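Per-entry structural report
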Amino acid sequence: MQQTTPAVLPRLGLILALCGWLLFSLHDAAIKWLVADYSAWQILFVRSAVVLAICLAIGRRRLALQAATSPVRRALLLRSVIFMAAWLCYFTAARYLQLAELVTLYFGSPLMVAALAAPMLGEKVPPTRWAFILIGFAGVVVACWPAALNTWWPVGLVLLAALLLAYSMILIRQIARAEPTLVQMLVANTTFLILCGAAMPWAWVTPDLIGLALMLLVGVIGAAGQFTIIESIRHVPASVVAPLEFTALVWSFLLGYAIWGDVPDWPVFVGAALILASGTMIVTSEWDRSGTLRARIAPPRDGPAL
C-alpha cells in the first residue's frame, strides 16, 4: 500500500484552512445575529460549553487527563486567555458593524501573523509571499476606510481582536508540536467556560428558542472551525494559513446581503478584489510548491511502492 508522503500534507492543510474559514464565516453571521440581543459573555459561555462537550464526547477521560498533565499547560492557558480576549472584542464589535466591514477589518490579522511567524517560529517567509500579503493588506485598508471614518471605536476593537488572534495563531503553531488539536480545544474552552461563567449572574439573559438554537449552532460550527484551522496549522506554516482568511470575505458579503440586506460601499468591493487576488496567489504558489516537492521525493514508477 502506498503511504501518504509529507509533501501531500501542505495541500491537506490548505484544504482544511479553506473549510475552516468557510465555517467561521457562518459562525460570524450567527454571532452578529445574536449580539443584537445577548452579551458577548453569554454567547461565548454557551459556545464554549458546546465545544467542551464535543471534545469530551470524543476524547473522554483520557483527553481530560492528557490536558491536565500536559507539559505545556502554562502555554495552553496563556493562549486560551488571549484567545478569549480576542473573541470578546470581536463579538462586541459585531453589534455595530456590517458583517462585511467586520470581517474585512479583521483581515489585518494575516499580516500580523506573517510578521510574527519569522521571529517567533523561525519560519522563512519568501519575498513573493510577503508581496502577496502586502497586496492583501492594501485591500484591507481600501475596503475598511469608510467604516473607519464612521465608527472608530468598534474598528479599534476589531483591530485589537486581529492582533490578539494573530498572536494566538503563533502560539497554536508552537503548541501543536507538543499537544494534539483536541487538547488545545479542551483547555481553551474550559478556560472560556470558567471565566465567562463568572460573569453570568450579571450577563445572562434567558434566550428564546431561536436564540438558544443559534447559540448551540455557534458552538457546533465553532468546534468544527477550530478543529480544521488548528489541524491546518499543523501541516502548513502559519504565515500561509492566515492569509487564507481572505476567502471568508466573499462569504461575509453574501451572508450580509442575504440576511440583513447589507450593500457595502464601492471601496469595499475594490479592496475585496485586492484581497481575493492576494489569497489566490498565495494558495496557487503554495499548491505548486507542494506538488513540486512531491514530485521530487516520489519513487520511480518502476520502483517499489512505499
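This structure is a prediction, so every number in the text was calculated from the model and none was measured.

Within the protein, the secondary structure is distributed over 13 helices and zero strands. Walking the protein from its N terminus toward its C terminus, one meets helices and strands in the order α-α-α-α-α-α-α-α-α-α-α-α-α. A total of 306 residues make up the protein; the buried ones form 52% of that total. Sequence separation of at least 24 residues holds for 91% of the intrachain contacts in the protein that already meet a minimum separation of 6. Accessible area of the protein: about 14,200 Å², with a carbon and sulfur share of 70%.

Attention now moves to the packing of aromatic side chains. With the rule as written, the count across this model stands at nine aromatic pairs. Ring centres of phenylalanine 83 and phenylalanine 192 lie 5.9 Å apart, and the angle between their planes is 55°; this geometry places the pair in the tilted category. On the criterion of sequence distance, the pair formed by phenylalanine 83 in helix α3 (residues 73-94) and phenylalanine 192 in helix α8 (residues 181-197) is long-range, its members being 109 residues apart. Of the aromatic side chains, those joined through ring pairs into one cluster are Trp21, Phe24, Phe83, Trp87, Tyr90, Phe91 and Phe192. One cation-aromatic arrangement involves lysine 32 over tryptophan 260; the distance from NZ or CZ to the ring centre is 5.7 Å. The cationic tip of arginine 47 hangs over the ring face of tryptophan 87; the distance from NZ or CZ to the ring centre is 4.9 Å.

Here the focus is the side chain of serine 168. Relative to the assigned elements, serine 168 resides in helix α7 (residues 152-175). Other than its neighbours up to four places away in sequence, serine 168 contacts Arg79 and Phe83.

Located in the positive-phi region is arginine 60, a residue other than glycine, with phi close to 55°. Mapped onto the secondary structure, arginine 60 falls in helix α2 (residues 40-68).

What follows concerns the environment of valine 250. Locating valine 250 in the fold gives a position in helix α12 (residues 248-260). With 26 residues separating them in the primary sequence, valine 250 and leucine 276 have C-alpha atoms 8.4 Å apart.

Checked against the element boundaries, lysine 32 lands in helix α1 (residues 8-34). Despite its burial, lysine 32 pairs with no opposite charge, the nearest such side chain being aspartate 262 at 5.6 Å. Among the polar contacts listed, one links the side chain of lysine 32 to the backbone oxygen of leucine 97, at a separation of 2.6 Å. Apart from residues lying up to four places away in sequence, lysine 32 is in contact with Ala94, Arg95, Leu97, Gln98, Leu99 and Trp260.

Turning our attention to the nonpolar core. Counting 77 residues, the largest nonpolar core has Leu44, Trp87, Tyr90, Phe91, Leu102 and Phe107 as its most contacted members. Excluding anything up to four places from it in sequence, leucine 102 contacts Tyr90, Ala93, Ala94, Leu97 and Val158.

Let us now look at the packing of α3 against helix α4 (residues 99-106). Contact geometry for α3 and α4: axes closest at 10 Å, N-to-C directions at 150°. Between α3 and α4, the angle falls in the class roughly antiparallel. Seen from above, α3 lies across α4 with right-handed handedness. Only Leu102, Val103 and Tyr106 of α4 make contact with α3, whose side of the interface consists of Tyr90, Ala93 and Ala94. For the contact of α3 with α4, a count of residues per class yields six nonpolar, no polar and no charged.

Below, the discussion takes up the environment of alanine 17. Along the chain, alanine 17 falls in helix α1. By relative accessible area, which is 0% here, alanine 17 ends up buried. Here the alpha-carbon distance between alanine 17 and phenylalanine 227, two residues 210 residues apart in the chain, equals 9.9 Å.

So, about a nonpolar patch on the surface. A cluster of nonpolar side chains, namely Leu22, Leu26, Val250, Trp251, Leu254 and Leu276, defines an oily patch on the protein surface of about 460 Å² accessible area. Listing elements by their share of the nonpolar patch, those giving two or more residues are α1 and α12. Top contributing element to the nonpolar patch by residue count: α12, with three residues. If you trace the backbone, tryptophan 251 turns up in helix α12. Using a relative accessible area of 36% as the deciding quantity, one classes tryptophan 251 as partly exposed.

Scoring rules and cut-offs
- Residues numbered from 1 in each chain as written.
- Predicted model: local features only at pLDDT ≥ 70, side-chain atom pairs only at ≥ 80, totals over all residues.
- Heavy atoms only, no water.
- Helix = DSSP H or I, 4+ residues; strand = E, 2+ residues; numbered from the N terminus.
- Buried < 20%, exposed > 50% of the residue type's maximum accessible area, 1.4 Å probe, protein only.
- Contact = heavy atoms within 4.5 Å.
- Areas by Shrake-Rupley, 256 points an atom, 1.4 Å probe, with all protein chains shown as cover.
- Phe/Tyr/Trp six-rings, centres within 6.5 Å; stacked < 30°, edge-to-face > 60°.
- Lys NZ or Arg CZ within 6 Å of the ring centre and 35° of its normal.
- Lys, Arg positive; Asp, Glu negative; His and termini not counted.
- Salt bridge = Lys/Arg side-chain N within 4 Å of Asp/Glu carboxyl O.
- Polar contact = N/O pair within 3.5 Å; in protein donor to acceptor, adjacent residues only side chain to side chain.
- Core = buried A, V, L, I, M, F, W, Y, C linked by side-chain atoms within 4.5 Å.
- Axes fitted to C-alpha atoms, helices over the stretch in contact; angles between N-to-C directions.
- Parallel < 35°, antiparallel > 145°, perpendicular 65-115°, else oblique.
- Left-handed = near helix turned anticlockwise from the far one by under 90°.
- Nonpolar A, V, L, I, M, F, W, Y, C, P; charged D, E, K, R; others polar.
- Patch = residues over 30% accessible without salt bridge, like charges linked within 9 Å, V, L, I, M, F, W, Y side chains within 5 Å.

Everything listed is a geometric property; what it means functionally is a separate question.
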